[in-house]
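Residue-level structure breakdown
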Amino acid sequence: MSWAVAGTGREPGRAAGAGPGAAPGASTGVPAGAVAVLVAANVLNNRLAPRLAPLTSAAATGALVVMARRSGLSWAELGFHRRARGLRIGGALASAVAGAYAVGIAVPATRRFFRDERALSLSRARALEEALLQVPVGTVLLEEVGFRGVLHALVARSHGHGTATAVSSVLFGLWHILPAADMMAANPALSRLAAGEALDDPGTEGARDTPAPVVPAPDASAPAASAAPGASGVPGRASAWQVARVVAGSVVTTGLAGVLFTELRRQGGLAAPAMFHVATNSLGYLFARLAPPDRARPSRRIRPAHPARQAPPEATAPGR
C-alpha cells in the first residue's frame with residue numbers, strides 16, 4: 001500500500017509534517033530513532049539481561065509502534081491487516097516446519113544440526129518458558145513488528161516497497177551478529193555449515209567438537225538450529241577468522257530469511273511471518289530434546305604408543 005493511498009485515511013487532527021510534505025529531518029529522524037530502539041533492545045536481550053527479553057521486547061515494540069503511529073502510518077501500513085489470510089498461511093508453514101524437523105532428527109546425516117546445547121542444558125520448565133514465552137514475546141514480537149512492520153513501513157513511505165525490503169532485511173541480518181557468535185558454542189555443526197565449511201563425517205563429529213569446552217547458554221532465546229538470539233561465550237579454540245566466517249554466514253542467511261518474511265508479510269500481514277517464525281524457533285527446543293544421539297563410531301584418534309616403542313631409559317630425565 002503506497003503512502004499516497006494510505007495517507008488519505010490518516011486520522012483527523014494528525015500533526016502536520018507526518019506525510020509526504022514533511023520536513024527532511026522528520027522523515028529521516030523516525031527511522032533512525034527506530035533503529036536506535038532496536039539496537040538497545042538487541043544488546044539488552046543478548047548480553048545484559050537475556051532473561052528479561054520478553055519485558056524488554058514488549059517495551060521496545062510499544063515504543064516503535066508509538067513512533068510509527070505518530071509519524072502518520074496506519075495500522076494496515078504497519079502490517080496489522082489480513083489477519084485471517086495470515087493465520088492460514090502461517091498455520092500451513094508451521095505444519096511444514098514441524099514435518100521438516102521430524103525428518104531432520106530421523107535422518108542421521110542431519111540429526112546433529114538439532115543437537116543444540118542451549119536447548120539440551122535446560123530443565124523441562126525452562127525449555128517450556130523459552131518455547132512459550134521467550135521466543136514468541138522476547139524474540140518474534142519485536143523482530144516482526146520492528147523489522148517487517150515499523151522499519152519496513154517507514155522506509156516504504158518515502159522509498160517504496162523494494163527499498164524497504166532491502167533495508168529491513170539487511171538490518172535484520174545485522175541484528176543476528178551477537179547470536180551468531182553464541183551459536184559457535186551451542187551448535188558447532190550448524191556453525192560450520194553457516195560458515196560454508198566442509199562438514200565432518202557424522203560419526204566423527206563429536207570427536208572434533210569434544211575437546212573444546214562448551215559453556216551452556218541457559219538464557220538463549222532459541223536453539224541455534226533457528227538462529228535466534230542467545231547469550232553465551234565463544235569456544236576458546238575459535239579463531240577470529242572462524243568467528244568472522246560464522247557471523248558473516250549467519251548475517252547473510254538471516255538477511256535472506258528477512259526477504260522471505262517480508263514477502264509473507266505482504267501476502268498475509270504480520271500474522272503469517274510471525275507464526276512461521278515462532279514455529280521455526282519454538283519447535284527447535286522440542287526437536288532438540290527429541291533428537292536421538294548419533295551412534296558412536298570407532299574413533300580415529302591416534303592410539304597411544306606401544307610400551308615396547310617408548311623412549312629408551314637413557315632418554316628419560318636424569319635421576320630416574
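A few points on the structure. (Residues numbered from 1 in each chain as written. Predicted model: local features only at pLDDT ≥ 70, side-chain atom pairs only at ≥ 80, totals over all residues. Heavy atoms only, no water.)

Before going further, it helps to examine the overall build of the protein chain. For the protein chain, the helix and strand inventory stands at 13 helices and 0 strands. The N-to-C order of helical and strand elements in the protein chain reads α-α-α-α-α-α-α-α-α-α-α-α-α. Counting contacts in the protein chain only where the partners sit at least 6 residues apart, residues at least 24 apart contribute 82% of the total. With the model as given, the accessible surface of the protein chain reaches about 15700 Å², and the carbon-plus-sulfur share is 66%. (Helix = DSSP H or I, 4+ residues; strand = E, 2+ residues; numbered from the N terminus. Contact = heavy atoms within 4.5 Å. Areas by Shrake-Rupley, 256 points an atom, 1.4 Å probe, with all protein chains shown as cover.)

Time to look at the side chain of Asn42. Along the chain, Asn42 turns up in helix α2 (residues 24–48). Among all residues touching Asn42, those that are not within four sequence positions of it are Trp175 and Leu178.

Together, Val39, Val43, Leu44 and Leu48 line one region of the surface with nonpolar side chains, adding up to about 340 Å² of accessible area. Mapped onto the elements of the fold, Val43 is located in helix α2. (Patch = residues over 30% accessible without salt bridge, like charges linked within 9 Å, V, L, I, M, F, W, Y side chains within 5 Å. Salt bridge = Lys/Arg side-chain N within 4 Å of Asp/Glu carboxyl O.)

In terms of nonpolar packing, the biggest core is built from 33 residues, with Leu38, Phe114, Leu142 and Val150 touching the most fellow members. If you list the elements that add at least two residues to this core, you get α2, α3 (53–70), α4 (83–106), α7 (124–159), α12 (240–268) and α13 (271–290). For this core, the element with the highest residue contribution is α7, accounting for 7 residues. Discounting chain neighbours no more than four positions away, the residues touching Leu142 are Leu38, Ala41, Asn45, Ser57, Ala60, Thr61, Leu64, Val137, Phe147 and Trp175. Among the nonpolar cores identified, the runner-up in size contains 8 residues, and Ala119, Leu122, Tyr285 and Ala288 belong to it. (Core = buried A, V, L, I, M, F, W, Y, C linked by side-chain atoms within 4.5 Å. Buried < 20%, exposed > 50% of the residue type's maximum accessible area, 1.4 Å probe, protein only.)

Angle between the axes and distance between the axes are the two parameters that describe a pair of packed helices. The interhelical angle for the contact between α4 and α13, taken along N-to-C directions, is 25°, at an axis separation of 8 Å. Here α4 is positioned roughly parallel relative to α13, judged by the angle of their axes. Seen from above, α4 lies across α13 with right-handed handedness. Class assignment for the residues of the contact of α4 with α13 results in 17 nonpolar, 5 polar and 1 charged. (Axes fitted to C-alpha atoms, helices over the stretch in contact; angles between N-to-C directions. Parallel < 35°, antiparallel > 145°, perpendicular 65-115°, else oblique. Left-handed = near helix turned anticlockwise from the far one by under 90°. Nonpolar A, V, L, I, M, F, W, Y, C, P; charged D, E, K, R; others polar.)

Looking now at α7. For α7, the principal kink sits at Gln134 and spans about 50°; a proline, Pro136, occurs within the next four residues. Phi turns positive, to about 95°, at Gly160, one or two residues after α7. (Bend = angle between axes of the 7 residues up to and from the residue.)

Applying the stated rule across the entire model yields 5 salt bridges. Glu129 is paired through a salt bridge with Arg126; the nearest N and O atoms lie 3.5 Å apart. Here Glu129 and its partner Arg126 are both found in helix α7, 3 residues apart, which amounts to about one turn of the helix. One salt bridge connects Arg148 with Glu144, and the closest N-O pair in it is separated by 2.7 Å. Here Glu144 and Arg148 lie together in helix α7, a separation of 4 residues that amounts to about one turn. Assigned by exposure class, Arg148 and Glu144 land together as buried. Among the charged side chains, a network of salt bridges with common partners joins Arg51, Arg126, Glu129 and Glu130.

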